[in-house]
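# An overview of the molecular structure
The primary structure of each chain is shown beneath.
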Number of protein chains: 2
Amino acid sequence: MRRLPADEGSQAAGRVADVRRRNLSLVLDRIAARDPLAPAPSRALIAAETGLTKASVSSLVADLLAAGLLTEVGLSRDGERGRPGVGLALNDGLGVLGLEINVDYLAAGVVDLTGRVRIQVVEERINSGRGPEEVLRDLSDLSARVLSRAGQDGLRVLAAGLAVPGLVDAESAVVLDAPNLGWSRTPLDLAPLMPPGGRGATVALSNEANSAALAELWYGHGPTLRAYLFISGEVGVGGGLVFNGELFLGPGGHAGEVGHVVVTEEGSMCSCGGRGCLETVAGQEAVFAAAGTAGSTPAEKMERLLTALGGGDPAAEAAVARAGHYLGIAAASSARLVDISAVVLGGYFSRLGPWLLPALRASLATHAPRLLDTADVVLSELPQTAALMGAAGSCIRDVLANPQELMEQPPGAASAGA
Amino acid sequence: MRRLPADEGSQAAGRVADVRRRNLSLVLDRIAARDPLAPAPSRALIAAETGLTKASVSSLVADLLAAGLLTEVGLSRDGERGRPGVGLALNDGLGVLGLEINVDYLAAGVVDLTGRVRIQVVEERINSGRGPEEVLRDLSDLSARVLSRAGQDGLRVLAAGLAVPGLVDAESAVVLDAPNLGWSRTPLDLAPLMPPGGRGATVALSNEANSAALAELWYGHGPTLRAYLFISGEVGVGGGLVFNGELFLGPGGHAGEVGHVVVTEEGSMCSCGGRGCLETVAGQEAVFAAAGTAGSTPAEKMERLLTALGGGDPAAEAAVARAGHYLGIAAASSARLVDISAVVLGGYFSRLGPWLLPALRASLATHAPRLLDTADVVLSELPQTAALMGAAGSCIRDVLANPQELMEQPPGAASAGA
DNA sequence: CCATATAGTTCAGAACGAAAACTAATTACC
DNA sequence: GGTAATTAGTTTTCGTTCTGAACTATATGG
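Every chain is numbered on its own, with residues counted from 1 as its sequence reads. Here chains are named by letter from A upward and ligands by number from 1 upward, in the order in which they appear as written. Local features in this predicted model are restricted to residues whose pLDDT is 70 or higher, and side-chain atom pairs enter the listing and the counts only when it is 80 or higher, whereas totals over whole chains, interfaces and linings include all residues. Only hydrogens and water are removed before side-chain values are computed, so all heavy atoms of the structure are retained for them.

## A look at the overall build of chain A
What counts, and what does not: Helix numbers and strand numbers start at the N terminus; a helix is a DSSP run of H or I with at least 4 residues, a strand a run of E with at least 2. Only the C-alpha atoms count toward the radius of gyration. The rule for a globule is 2.2 Å times the residue count to the power 0.38. Partly exposed describes any residue whose relative accessible area lies between the buried limit of under 20% and the exposed limit of over 50%, with all areas from a 1.4 Å probe on protein chains only and scaled to the type maximum. The contact criterion used throughout is that any non-hydrogen atoms of two residues lie within 4.5 Å. Accessible surface is estimated by sampling points in the Shrake-Rupley manner with a 1.4 Å probe; for residues, cover comes only from the protein chains shown. Working convention for charge: Lys and Arg count positive, Asp and Glu count negative, and His plus the chain ends are omitted. Note that the charge is assigned to NZ on lysines, CZ on arginines, CG on aspartates and CD on glutamates.
Secondary structure summary: chain A contains 15 helices and 15 strands in total. For 418 residues, the compact-globule estimate of 2.2 N^0.38 gives 22 Å, and chain A sits close to it at 23 Å. Reported as C-alpha extents along the three principal axes, the dimensions of chain A are approximately 65 × 60 × 50 Å. Counting only residues that meet the buried cut, chain A has 54% of its 418 residues in that class. Summarising the internal contacts of chain A: among those between residues at least 6 apart in sequence, 62% fall at separations of at least 24. Of the roughly 17,200 Å² of accessible surface on chain A, a fraction of 51% belongs to carbon and sulfur atoms. Across chain A, the 33 positively charged side chains and the 45 negatively charged ones have centroids separated by 7 Å.

Take a look at the structure:
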């Protein structure tokens, strides 16, 4: 019986040092997970929460302070007796660069370790049909502007992430298929986008819907949901599956493509070559066509559709309800296959909520009756640049999960790029 | 922003001893993953494969030998120069009990640590409609017979697993919903089924399709597949998702319910209360009805259907092709949502292969055109009791993953149950 | 001022894997 | 047959990490 190579090396030998890495990350997580309004946790509190001894936490915190990841923020007085604890917080002088290429805009921003978007620039620009070199040049300019402002604000930028509207291979930084940009099997030269002095070798490439799903996890409804399917309505219909606080990418990295779930047997041809995909009945083009919405750009059509809906236009209402119906079918199937307990609608779906949700809920009730007892359908409340926030957030999680990489070189030493 | 309780304690503090547990398990895995025909690996080989030092492997193996999990099996001569290594193998005097309750039979068996089914008894008996006490009593008798034979064969039985055709809550040993048995929210008293002297507190309860999917992983096509959806055709249609050598249960433990993926908008009512579920068009009843197959039991109908198919009966062929068509739609949707690269058909589907596969492949080609380039549709070759093997296999994996539990008490000491 | 309570540090101890030196067992070659 | 070469496995020493207990530090309450 032949076995796959992946079978062999899947597990690495455990070393004593791994325990340190895990516990460093554990301490950081306890501090990062804290509600910003709550008082900053002390060493003693972290010890009690994690099960580590006070001695261990002191040692771990000392390392993290030395690495510059944490800062001590005064005494935490709770009015109790005894020595007050010293509050610990993530160093908000550290941040990561988030980048986004979308069909009709480019965006760059810096998010600090606490998750606050400190700097953000969006540039409207139709990118569909433009070549990757051209687009990356523009993005690089935007990035340079943002990084310059970050320097002025005293922010050290550690890593960078880029979200694009298409399937990607993150390892090799290749856009496998981005029909709405017209890119296919397009390798991206991301090295020039890497902020100087950043740790790690390159910019993390991700799918836009996946990143938006993660933004929802960290900055949106995520903390109240255990498992959800994020459905992103842009020109195409993308998605992301989040389970237990983690994005589920699947073995090949392409999970969550809910836009190509089959929802109707006799559907029209999809850009993926299939038939009956959700995208063919709930994508922007399909809805605009069904509603009879005219306009020169997607944004313009969207405004007109909203106007028509506001005015009670029956064709518009029917078109959106039809999209909701099929979204419900896709959600029902997804819930059964992967056991999600919520659906979050993002992108243009979130603006259509009042007209979309009734049909979606009715459809769910028909096709997965008991699901609505425990599951929820909610609208995303994140801004347009959710994908940027998610791409940055991934980098932040990465830093917090591997703090030792920052500890090897003293925080003052700026690396000299080759 | 409210956070879920699960958010808090999800990570446990790392301890130095965890490294030991992980490495013990790593060594066991290297030995267990070995092809039974290949020579038994030596300490030195394991060291080279795992990246551990020879000293560490020696120490780990010494513990595992002392715990009775491993045995030394003579010298491994490869004709090379140098001192020959001592072959290491799993102790085949240790086994686990696998149990299965199905609609028309009960089964019990003992599988040893190497994965060989050493003892197995199947008792045909229609269980639908019978109460759980009655069924468990019969199963207990069967189990006692099997355990007695195991004792005669010198097999020590460490743990037990039970597969049932329905949704389960494994933690609380409750069958949430097993429509084909007529059980709903039925707690099972599994303590009496636990083999005396076994480690662990109770019998692991699992879903039959999930367990069959795991049996496929360990004893069927699994080793050659990276990620697959197992679709089990019994009275109902069940399923299991396997990624990277692990069953994906989803956050609530109910993932893989492919039988209730929506494949047709205007389908008939399903037992789950929904409409258009795969089960309503590819379940046994639907296919028998469409084919016009008569008979008093499902097994009898199945034989007649196969006879009709063998004779070229157009109604039978059309009925099975129709099932294949909808299986293809479900597979296409699943592939997009969770990025599987193969579909394995089990249960009664595997016997219908020649008539099912062409329609299934055609349907996949229509709805997910590029998928067949990289993905595969294969038939399970496992016996009827695949779920039993999978339930036992889970227990074996559990033992191999936590060998320290066996090391605390010397192998001779039989525990006295309360 | 002193008892009490809580926060945080220091230090010895145990568990573990890494590295290197060592012993053991076999083959190749003269 | 004897010796060098080669590979397997063990022993010893060391560094890392967490734990637990003792200790210091800093607050409140009378």
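Now that the structure has been shown, the text picks up again.
## Focus on the nonpolar core
Operational definition: By nonpolar core is meant a set of buried Ala, Val, Leu, Ile, Met, Phe, Trp, Tyr and Cys residues that side-chain atoms within 4.5 Å join together.
The biggest cluster of nonpolar side chains holds 100 residues, and the ones touching the most others in it are L278(A), V338(A), L278(B), V338(B) and L345(B). Excluding anything up to four places from it in sequence, L278(A) contacts V237(A), V258(A), G259(A), V261(A), V263(A), G283(A), Y326(A), L327(A) and A330(A).

## Observations concerning the sheet that holds strand β5 (residues 117-124) of chain A
All names here are of chain A. Defined as follows: The criterion for strand pairing is that DSSP finds at least two bridges linking the strands in question. The angle between two axes is taken between their N-to-C directions and runs from 0 to 180 degrees, where each axis is a line fitted to C-alpha atoms and a helix contributes only its stretch in contact.
A sheet is described by the order of its strands in space; here five strands give the open sequence β5-β4-β3-β6-β10, paired in mixed fashion. Taken across any chain shown, the strands that pair with only one partner, and hence form the sheet edges, are β5 and β10 (204-207). Geometrically, the sheet is characterised by an average inter-axis angle of 20° between neighbouring strands, direction not taken into account. Note that strand β3 (residues 94-101) and strand β6 (residues 156-164) share six bridges and pair parallel. Its bridge partner being in β6, L94 is matched across the sheet by R156. Packed on one face of the sheet, helix α5 (residues 132-152) meets β3, β4 (105-112), β5 and β6 and runs near 30° to β4. Helix α14 (residues 386-401) rests against β3, β4, β5, β6 and β10 of the sheet, and its axis sits at about 145° to β3.

## Remarks on the interface of chain B and chain A
Convention followed: A 1.4 Å probe defines the accessible area here, and the buried area is the portion of it lost by two parts on being joined, summed over both. Think of a salt bridge as a Lys or Arg side-chain nitrogen and an Asp or Glu carboxyl oxygen that are within 4 Å of each other. Throughout this description, a polar contact denotes any pair of N or O atoms lying within 3.5 Å of each other; where both atoms belong to protein, one of them has to be capable of donating a hydrogen while the other can accept it, and for residues adjacent in sequence the pair is counted only when both atoms sit in side chains. Each residue gets one label: Ala, Val, Leu, Ile, Met, Phe, Trp, Tyr, Cys and Pro are nonpolar, Asp, Glu, Lys and Arg are charged, and the others, such as Gly, are polar.
Taken together, the contact between chain B and chain A spans 68 residues of the former and 69 residues of the latter. Between chain B and chain A the total buried area reaches about 5,800 Å² when both faces are included, carbon and sulfur atoms providing 53% of it. The largest share of the area that chain B buries against chain A comes from P251(B), E265(B) and L337(B), three residues that together contribute 13% of it. At the boundary of chain B and chain A, one finds zero salt bridges. Our count for the contact surface shared by chain B and chain A stands at 27 residue pairs in polar contact (both at pLDDT 80 or more). Those elements giving two or more residues to the side of chain B that touches chain A turn out to be α2 (16-32), β11 (227-233), β12 (237-243), α10 (314-338) and α12 (353-367) of chain B. No other element matches the nine residues that α10(B) contributes to the side of chain B that touches chain A. Its residues assigned to classes, the side of chain B that touches chain A comprises 30 nonpolar, 22 polar and 16 charged.

## A few points about the protein's contact with DNA strand C
How we decide: When at least one non-hydrogen atom of a residue lies within 4 Å of a molecule or strand, that residue is treated as near it.
Neighbouring residues of DNA strand C: 29 residues in total, closest K54(A), S58(A), R83(A), V86(A) and R20(B). Take the atoms of DNA strand C that sit within 4 Å of the protein: sugar and phosphate atoms are 73% of them. Within the side chain of R20(B), a nitrogen or oxygen atom sits 2.4 Å from a phosphate oxygen of DNA strand C. A distance of 3.4 Å separates a base oxygen of DNA strand C from a polar atom in the backbone of G82(B). Broken down by secondary-structure element, the contributors of at least two residues to the surface near DNA strand C are α3 (43-50), α4 (54-66) and β2 (85-90) of chain A together with α2 and α4 (54-66) of chain B.

## Thoughts on the protein's contact with DNA strand D
Taken together, 29 residues are adjacent to DNA strand D, and R20(A), R15(B), K54(B), S58(B) and V86(B) come closest. Separating a phosphate oxygen of DNA strand D from a side-chain N or O atom of S56(A) is a distance of 3.0 Å. R83(B) is positioned with one of its backbone polar atoms (N or O) 2.8 Å from a base oxygen of DNA strand D. Taken together, the elements giving at least two residues each to the surface near DNA strand D come down to α2 (16-32) and α4 of chain A together with α3 (43-50), α4 and β2 (85-90) of chain B.

## Let's talk about the pairing of strand β9 (residues 183-187) of chain A
Residue and element names in this part refer to chain A. For strand β8 (residues 174-178) and β9, the ladder comprises four bridges, and the chain directions are antiparallel. Across the sheet, the residue bridging to A178 is W183, located in β9. Where β8 folds back on β9, the antiparallel hairpin that results is connected by four residues, among which G182 adopts a positive phi of roughly 80°.

## Here we look at unusual backbone geometry
Of note, the phi angle at R185(A) is positive, near 50°, even though the residue is not glycine. With respect to the helices, strands and loops of the structure, R185(A) is situated in strand β9.

## Description of the domain arrangement of chain A
Condition: Throughout the structure description, domain borders are defined by an automatic or database domain assignment.
Here the domain parsing of chain A yields domain 1 (17-90), domain 2 (94-210 + 385-407) and domain 3 (221-379). Measuring from the centre of the C-alpha atoms in domain 1 of chain A to the corresponding centre in domain 3 of chain A gives 42 Å.

## Some words on helix α9 (residues 298-310) of chain A
All names here are of chain A. Here is the rule: By definition here, a helix of n residues has an expected span of 1.5 Å times n minus one.
Between its first and last C-alpha atoms α9 spans 18 Å; for 13 residues at 1.5 Å apiece the expected length is 18 Å, and the two agree. Buried residues along α9 sit against α8 (284-291), α10 (314-338), α11 (348-351) and α12 (353-367). Backbone geometry just after α9 places G312 at a positive phi near 80°.

## Examining the packing of aromatic side chains
Stated precisely, the cut-off is as follows: Here the aromatic set is Phe, Tyr and Trp, taking the six-membered ring for Trp, and pairing holds for ring centres within 6.5 Å; pairs whose planes are under 30 degrees apart are stacked, those over 60 apart are edge-to-face, and all others are tilted.
In total, this model carries seven aromatic pairs over all chains according to the counting rule given. An angle of 35° between the planes, with centres 5.0 Å apart, marks the rings of F248(A) and F248(B) as tilted. With F248(A) in strand β13 (residues 246-248) and F248(B) in strand β13 (residues 246-248), this residue pair bridges two chains. The exposure class of F248(A) is buried, given its relative accessible area of 14%.

## Structural notes on the packing of α10(A) against α10(B)
For the record, the criterion: Reported orientations rely on four angle classes, namely roughly parallel under 35 degrees, roughly antiparallel over 145, roughly perpendicular from 65 to 115, and oblique for the rest.
Orientation of α10(A) relative to α10(B), taken along the N-to-C sense of each, is 75°, at an axis distance of 11 Å. Between α10(A) and α10(B), the angle falls in the class roughly perpendicular. Contact residues: α10(A) offers S334(A), L337(A) and V338(A), while α10(B) offers S334(B), L337(B) and V338(B).

## Things to note about the state of the cysteines
Let me state the cut-off plainly: Defined by distance alone, a disulfide is two cysteine sulfur atoms within 2.5 Å.
Evaluation of the coordinates by the stated rule reveals zero disulfides over all chains. Cysteine C272(B) shares no disulfide, and the gap to the nearest cysteine sulfur, in C277(B), comes to 3.6 Å.

## A look at the packing of helix α9 (residues 298-310) of chain B against α10(B)
Residue and element names in this part refer to chain B. Put simply, α9 and α10 touch, their axes get as near as 8 Å, and they point 110° apart. Relative to α10, the element α9 lies roughly perpendicular. Note on element contacts: α10 touches α9 through A316, E317 and V320, opposite L305, A308 and L309. Here the contact of α9 with α10 is built from residues that sort into five nonpolar, no polar and one charged.

## Observations regarding the side chain of E257(A)
Looking at where E257(A) falls in the secondary structure, it is placed in the loop between β13 and α7 (279-282). The side chain of E257(A) sits in the buried core without any salt bridge; R336(B) is the nearest counter-charge, 7.2 Å away. Discounting residues that sit within four places of it in the chain, E257(A) has contacts with L167(A), N207(A), R336(B) and L337(B).

## Digging into the environment of E72(A)
Residue and element names in this part refer to chain A. Position of E72 relative to the elements: it lies in strand β1 (residues 70-76). Separated by 18 residues in the primary sequence, E72 and L90 place their C-alpha atoms 8.8 Å from one another. When residues no more than four places from it in sequence are discounted, the contact partners of E72 are R43, L65, V86, G87 and L88. There is a polar contact of 2.7 Å between the side chain of E72 and the side chain of R43.

## Concerning the pattern of salt bridges
What the rule picks out here adds up to 26 salt bridges over all chains. Residue E72(B) pairs with R43(B) through a salt bridge whose shortest N-O separation is 2.7 Å. On the criterion of sequence distance, the pair formed by E72(B) in strand β1 (residues 70-76) and R43(B) in helix α3 is long-range, its members being 29 residues apart. Judged by relative accessible area, E72(B) falls into the partly exposed class, the value being 43%. With a relative accessible area of 22%, R43(B) lands in the partly exposed category. Here the salt bridges do not stand alone but share partners, grouping E123(A), R125(A), R130(A), E134(A), D138(A) and R145(A) into one network.

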